[in-house]
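Descriptive analysis of the structure
For reference, the chains in residue letters:
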Amino acid sequence: MKVPEQKLRALLADDEEQYTTAYGMFLDDLGFSVTAVMDKAALLGAAPAADVLIVDVCLPSDERMEGIEAVASLVGEKRIGAAVPIIFISGYKEETPKVRRKLLDYPDLRGRYRWVWKDDEFEVLADVIETELARLKER
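Residues numbered from 1 in each chain as written. Predicted model: local features only at pLDDT ≥ 70, side-chain atom pairs only at ≥ 80, totals over all residues. Heavy atoms only, no water.

In space, the five strands of this open sheet follow the order S2-S1-S3-S4-S5, with parallel pairing throughout. At either margin of the open sheet sits one strand with a lone partner, and together these are strand S2 (33-37) and strand S5 (113-117). Averaged over all pairs of adjacent strands, the angle between their axes in this sheet comes to 20 degrees, without regard to strand direction. Here strand S4 (residues 86-90) runs beside S5; their pairing, made up of five bridges, is parallel. Note that in S5 the partner of Ile 87 across the bridge is Arg 114. (Pairing = 2+ DSSP bridges. Helix = DSSP H or I, 4+ residues; strand = E, 2+ residues; numbered from the N terminus. Axes fitted to C-alpha atoms, helices over the stretch in contact; angles between N-to-C directions.)

Of all five residues that make up strand S1 (residues 9-13), four are buried, and the element is covered over most of its length. With five bridges connecting them, S1 and S2 associate as parallel partners. If you follow Leu 11 over to S2, its bridge partner there is Thr 35. Taking the sense of rotation as the criterion, the β-α-β connection linking S1, helix H1 (residues 17-29) and S2 turns out right-handed. Bridge count between S1 and strand S3 (residues 52-56): four bridges; the pairing is parallel. Note on S3: the bridge partner recorded for Leu 12 is Ile 54. (Buried < 20%, exposed > 50% of the residue type's maximum accessible area, 1.4 Å probe, protein only. Right-handed = clockwise from strand over helix to strand, strands pointing away.)

With respect to the helices and strands, Glu 69 occurs in helix H3 (residues 66-76). Glu 69 gets classed as buried once you look at its relative accessible area, which sits at 12%. Sequence separation between Glu 69 and Thr 131 is 62 residues, and the spatial gap between their C-alpha atoms is 24 Å. Glu 69 has contacts with Lys 40, Arg 64, Lys 102 and Tyr 106, leaving out every residue within four places of it along the chain. (Contact = heavy atoms within 4.5 Å.)

This paragraph deals with a negative patch on the surface. Where like charges cluster on the molecular surface, the negative patch consists of Asp 119, Asp 120, Glu 121, Glu 123, Asp 127 and Glu 130. Inspection of the secondary structure puts Asp 120 in the loop between S5 and helix H5 (122-138). Residue classification places Asp 120 among the partly exposed positions, given a relative accessible area of 32%. (Patch = residues over 30% accessible without salt bridge, like charges linked within 9 Å, V, L, I, M, F, W, Y side chains within 5 Å. Areas by Shrake-Rupley, 256 points an atom, 1.4 Å probe, with all protein chains shown as cover. Salt bridge = Lys/Arg side-chain N within 4 Å of Asp/Glu carboxyl O. Lys, Arg positive; Asp, Glu negative; His and termini not counted. Charge placed at Lys NZ, Arg CZ, Asp CG, Glu CD.)

A positive phi is found at Lys 78, a non-glycine position, where the angle reads about 55 degrees. Looking at where Lys 78 falls in the secondary structure, it is placed in the loop between H3 and S4.

Counted by the stated rule, this structure contains eight salt bridges. For Asp 51, the salt bridge is made with Arg 9, and the minimal N-O distance between the two is 3.1 Å. Taken together, the residues span a long stretch of sequence, with Asp 51 in the loop between helix H2 (40-46) and S3 and Arg 9 in strand S1 at a distance of 42 residues. Given the relative accessible area of 23%, Asp 51 is considered partly exposed. Looking at Arg 9, the relative accessible area reads 42%, which means it is partly exposed. With a closest N to O distance of 3.4 Å, Glu 94 and Arg 100 form a salt bridge. By relative accessible area, which is 23% here, Glu 94 ends up partly exposed. Assessed through its relative accessible area of 35%, Arg 100 is described here as partly exposed.

Okay, here's the thing in structure tokens:
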């Protein structure tokens, strides 16, 4: 992946330290300034300053999928710009029925996010970020 010209701010939200550490180091290696948070309140507070959001779907609760809820509120309240890439990371695949039902609750998210399965390689995340940043430059 080509390093951004100026350091872009990536907000990484995951309640498992192993992921904030691993993804955080990876994003730092790509040239991003990384802020890692581990709960919904910190995500909501830090998101408006971010250039890209990388959010665990199940932050912090497996049943409530608070990562989706938090991002949906940021989008619905226009606390993040329409151009801010949203990348959900999850141990669930996007097509999992539980996930599909949850996403249906938030129509404002349609077409606004990309999905990365946590078991994928880091290169998948890099490709998604690169695609999203290229899309923004086309605007």
